[in-house]
Number of protein chains: 2
Amino acid sequence: MSQPSQLPPDQIRQILAQVVENSPADWILLYLAMGTMKMGGHRYGAFLDAATTAAKLAIYSSFLECGQNIRKTGFLYHVEPKRVKAIVQEIQTAVAEGQSLKVLNSKEPYYLIALPFLWQEEFPCGAQESRVRQPGLTPGERKAIEDSLPPGAPKARILDQVAFHELIEKLHDLSQKELPAAQRMPFSDALMMHIKFRLLHSGTVLQVDSPLVDIPLYALASESYAPKDERERAFAMIDDVARYFSILQAWVRSEEGVLRGVEVFDINLDHRQEALQELDVLLRTWADKYHQEGGYPMVLQFAAGTREGD
Amino acid sequence: MSQPSQLPPDQIRQILAQVVENSPADWILLYLAMGTMKMGGHRYGAFLDAATTAAKLAIYSSFLECGQNIRKTGFLYHVEPKRVKAIVQEIQTAVAEGQSLKVLNSKEPYYLIALPFLWQEEFPCGAQESRVRQPGLTPGERKAIEDSLPPGAPKARILDQVAFHELIEKLHDLSQKELPAAQRMPFSDALMMHIKFRLLHSGTVLQVDSPLVDIPLYALASESYAPKDERERAFAMIDDVARYFSILQAWVRSEEGVLRGVEVFDINLDHRQEALQELDVLLRTWADKYHQEGGYPMVLQFAAGTREGD
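Residues numbered from 1 in each chain as written. Chains lettered and ligands numbered in written order. Predicted model: local features only at pLDDT ≥ 70, side-chain atom pairs only at ≥ 80, totals over all residues. Heavy atoms only, no water.

### Remarks on the sheet that holds strand β1 (residues 159-160) of chain A
All names here are of chain A. Read from one edge of the open sheet, three strands run β1-β3-β2, paired in antiparallel fashion. Edge positions in the sheet fall to β1 and β2 (205-208), since each of these pairs with one other strand and no more. Sheet analysis places β2 next to strand β3 (residues 217-220), joined by four bridges and oriented antiparallel. Counted as the bridge partner of Leu206 is Ala219 from β3. Seen against the sheet, helix α7 (residues 115-122) touches β1, β2 and β3 and runs at an angle of roughly 105 degrees to β3. Helix α10 (residues 189-201) contacts β2 and β3 of the sheet and is inclined by roughly 95 degrees relative to β2. (Pairing = 2+ DSSP bridges. Helix = DSSP H or I, 4+ residues; strand = E, 2+ residues; numbered from the N terminus. Contact = heavy atoms within 4.5 Å. Axes fitted to C-alpha atoms, helices over the stretch in contact; angles between N-to-C directions.)

Pasting the structure below:
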């Protein structure tokens, strides 16, 4: 696929830095937006929902801290008392009914993760059978189409567009059943295209354009919607940041047994690799030294790299 | 102030954990919402604006990466092409005009930070003068009111409600001048109450209810809107998380010279303090060892604490 006007990541970061400048909270939101949507496949609407929910939960927690004073909570957040009341009721109902308010959960939307399983369940294919069931093809032509699949492709039937779209719709319906009524989203052509595009974009599904058939065919190309390499690291990053944030919350509350630090230094680039390797060993050795089976659960998180924006 | 139904932080966290569960991206949003609004004093509306802006910037960055393909970008985010086009134009205009899109900047809103300066400028008070200028009071009564101020209170006149409200409005007008027209917010009674409440809540301004006058008076109680203790750490936390997130972005992109790690271990609580002190020294010694004046700028961030949600 040729992309003539594609900008390199460095240049994109520079453009973003121009408008976000040195505002750390805005940067956290931007990194998170890119991590969950661009890399993670969540919808724009899901991200905005999640941010709104987080803001409501913050209001609710202040409400609890303020002795349940609606007026005072409203002043603190610059929200009308009527609106505070509605937010408090919404959260209270969710808590009372054991509803989940998580939006960006499971790293990937369910309809993306579950597809390979549902496909193999609905359209299984015996080891000796051909994946291609489209009519009007000779055994040799079927084999030619099968041979165009990547080596690791699961044994599951190749679908035409109608069957593939029906599978996506079925998946969507299944995913909606898990949600409380208020969070459900009707199926639409636009949503179908979004899901289809994500599946093709991630390499989970492959579009087979064979000269032997005049319609596009779709093949399951992977056992799981597994983000690879960069995307896998992007998920680990979100986990890391959430855990790091959580440790720092304890540090803000001055809890015991928390250490937080930043070391700022300049390095001779010839020694950087050696220094980082030494650091890695140093920290593992330290954790091993103090590890005691059955002890109190601890975690240490660290990251070292280029210092920016001095 | 008695707050009979105030819940302890631990219990509030448990309630929040029930609804957010184990969704790291939702937790990051929640921590950020609490950090910027509850601790930082930003408005509910400002947080939602910032989240929307971040989402738009993510879309814009995908647009640039996709070879400026509006349709493809729309599929990726499940956003109508028309809407993608509007978002792209909005960001392009901001970039071209050198506009700032940061929303949660300066840690605190300008109108809170600037108040002590403007107050002292507009209502100065000589060292020998009384801060109290309200008519109908004897010198002894004025002194009694002044004596009720905390020792560190700056020398600035004590204001009645009308003057205090006018000062807040003036501050708001000044803060709006810095903003592009689209981001400006009209002044309102509700906004006035929000700002006033934040100033009183933080201890920057003190309400003086003297039996000698039948109207409330307001005194400047601090030289700066300085968040103390817990709130100061909350700002450092947001800085830390943004920087940590930024290092991990480089790790996701597999850049050279980045180290990211997590050590999971259990500890004998009797040795925890000793272990953390040792770690602190270990890391400082490591950074000192490799520090070289004029070298390549590096930063190491670390945090250790209780491991949750095993």
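After that view of the structure, there is still more to cover.
### Thoughts on the domain arrangement of chain A
Residue and element names in this part refer to chain A. Structurally, chain A comprises domain 1 (9-96), domain 2 (110-220) and domain 3 (230-290). For domain 1 versus domain 3, the separation of C-alpha centres amounts to 26 Å. Counting from both sides, the interface comprises four residues of domain 1 and, opposite them, five residues of domain 3. Interface area for domain 1 against domain 3, summed over the two sides, is near 490 Å², with a carbon-plus-sulfur share of 78%. Ranking the residues of domain 1 by area buried against domain 3 places Ile28, Gly35 and Met39 at the top, with a combined share of 71%. There are zero salt bridges connecting domain 1 and domain 3. Our count for the contact surface shared by domain 1 and domain 3 stands at zero residue pairs in polar contact (both at pLDDT 80 or more). Counted by class, the side of domain 1 that touches domain 3 contains two nonpolar, two polar and no charged residues. (Domains from an automatic or database assignment. Buried area = accessible area lost by both parts, 1.4 Å probe. Salt bridge = Lys/Arg side-chain N within 4 Å of Asp/Glu carboxyl O. Polar contact = N/O pair within 3.5 Å; in protein donor to acceptor, adjacent residues only side chain to side chain. Nonpolar A, V, L, I, M, F, W, Y, C, P; charged D, E, K, R; others polar.)

### A look at helix α1 (residues 9-20) of chain A
One full turn of an α-helix is made of 3.6 residues, so residues set three or four places apart face in the same direction. Taking 1.5 Å per residue, 12 residues should reach 16 Å; α1(A) reaches 16 Å between its end C-alpha atoms and fits that length. Taken together, the buried positions of α1(A) are occupied by Ile12(A), Ile15(A), Leu16(A), Val19(A) and Val20(A). An end-on view of α1(A) places all buried positions within 125 degrees of arc, on one side of the element. For α1(A), the secondary structure elements touched by its buried residues are α2 (24-39) of chain A together with α3 (44-65) and α5 (81-96) of chain B. Within two residues after α1(A), Glu21(A) carries a phi angle of roughly 55 degrees, on the positive side. (Expected span 1.5 Å × (residues − 1). Buried < 20%, exposed > 50% of the residue type's maximum accessible area, 1.4 Å probe, protein only. Arc of directions from axis to C-beta.)

### Describing the packing of helix α3 (residues 44-65) of chain A against helix α2 (residues 24-39) of chain B
For the pair α3(A) and α2(B), interaxial distance at closest approach is 8 Å and the crossing angle is 55 degrees. Classified by the interaxial angle, the pair formed by α3(A) and α2(B) is oblique. Regarding α3(A) and α2(B), the two cross each other, and that crossing is right-handed. In this structure, α3(A) contributes Ala50(A), Ala51(A), Ala54(A), Ala55(A), Leu57(A), Ala58(A), Ser61(A), Ser62(A) and Glu65(A) to the contact, and α2(B) contributes Asp26(B), Leu29(B), Leu30(B), Ala33(B), Met34(B), Met37(B) and Lys38(B). Tallied by class, the residues present in the contact of α3(A) with α2(B) amount to 11 nonpolar, two polar and three charged. (Parallel < 35°, antiparallel > 145°, perpendicular 65-115°, else oblique. Left-handed = near helix turned anticlockwise from the far one by under 90°.)

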